[in-house]
Structure formats: C-alpha cells, structure tokens
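One letter stands for each residue in the lines below.
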Amino acid sequence: MSWRLEKLKSAPKSRALLFRLGAIVFGLLIAGAVLGVLGFDPLAMATQALGYTLGSSFGLQDLGYHGCKPSKQERRDQGAKILKTKGRSQ
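Residues numbered from 1 in each chain as written. Predicted model: local features only at pLDDT ≥ 70, side-chain atom pairs only at ≥ 80, totals over all residues. Heavy atoms only, no water.

Student: Sorry if this is basic, but what is going on with the overall build of the chain here?
Tutor: Of regular secondary structure, the chain possesses four helices and zero strands. In sequence order, the chain lays out its α and β elements as α-α-α-α. Each of the 90 residues in the chain was classed as buried or not, and the buried ones make up 6%. Summing over all exposed atoms, the chain offers an accessible surface of approximately 8600 Å²; the carbon and sulfur share of this is 65%. (Helix = DSSP H or I, 4+ residues; strand = E, 2+ residues; numbered from the N terminus. Buried < 20%, exposed > 50% of the residue type's maximum accessible area, 1.4 Å probe, protein only. Areas by Shrake-Rupley, 256 points an atom, 1.4 Å probe, with all protein chains shown as cover.)

Student: Even after reading the chapter, I still don't get a nonpolar patch on the surface, so can you show me in this structure?
Tutor: A cluster of nonpolar residues, Phe26, Ile30, Val34, Leu38, Phe40 and Met45, forms a patch on the protein surface that exposes about 600 Å² of accessible area. Inspection of the secondary structure assignment puts phenylalanine 26 in helix H1 (residues 13-37). (Patch = residues over 30% accessible without salt bridge, like charges linked within 9 Å, V, L, I, M, F, W, Y side chains within 5 Å. Salt bridge = Lys/Arg side-chain N within 4 Å of Asp/Glu carboxyl O.)

Student: How should the pattern of salt bridges be read in this particular structure?
Tutor: Scanning the model with the defined rule gives one salt bridge in all. Salt-bridge contacts for arginine 4 lead to glutamate 6; the nearest nitrogen and oxygen are separated by 2.8 Å. With a relative accessible area of 69%, arginine 4 lands in the exposed category.

Student: So what exactly am I meant to see when it comes to H1 here?
Tutor: Since the α-helix advances by 3.6 residues per turn, residues separated by three or four positions end up pointing in the same direction. Between its first and last C-alpha atoms H1 spans 36 Å; for 25 residues at 1.5 Å apiece the expected length is 36 Å, and the two agree. Following H1 by one or two positions, glycine 39 has its phi on the positive side, about 100°. (Expected span 1.5 Å × (residues − 1).)

Student: Whenever I open this one, the confidence of the model for the chain confuses me. Can you help?
Tutor: Low pLDDT marks stretches whose predicted atomic positions should not be read closely. Of all residues in the chain, 76% attain a pLDDT of 70 or more, and the chain-wide mean is 80. Looking at the elements of the chain, mean pLDDT is at its lowest for helix H3 (residues 57-62), recorded as 64, and at its highest for H1, recorded as 94. (pLDDT = per-residue confidence, 0-100.)

Printed below as a string of structure tokens:
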C-alpha cells in the first residue's frame, strides 16, 4: 500500500485554518513532551513566558500594542537609559 499526499486546490479556507491551528497545537505538544523528558516543567515555562511578554506595557509594545502607557517607574528607567547612552556617545 502506498500513500500519496497532494495539495487540494479547492480546499475550503476553514479547513486550511483548522489544519494550521492543529499543526500549531501539535508542535506545542511535541515541544512540551521534549521539555518534560528533559526535566523541565513546560507549563511553568509557558506561564513565565506569557507573563514576561504580556505582563508589562513594554512587552505589549513589542507586540505592537501601543494603547497602554508605561508606568512612572518605567518612564524613569527609560529616561535614565537614554541619558546614559547620550553621555557615552559624547
């Protein structure tokens, strides 16, 4: 018995989207399994990654969301970094 895969030229967009989402979920499951076998906690790592990415206004700005304002402390930190870099270049 031989199997042959070929791309359907008339596949509905919903089916294509479903398979893409399925591939993403499958990839995440494989990555989680590999991390688990290596001794890491995949769920804790995923929570930390999401927390670092979405937990601050800086992380959201990296994703292209500019609707949030940085806190006073973040503005002070950014201003201090700018002053330090300007002082080095002169």
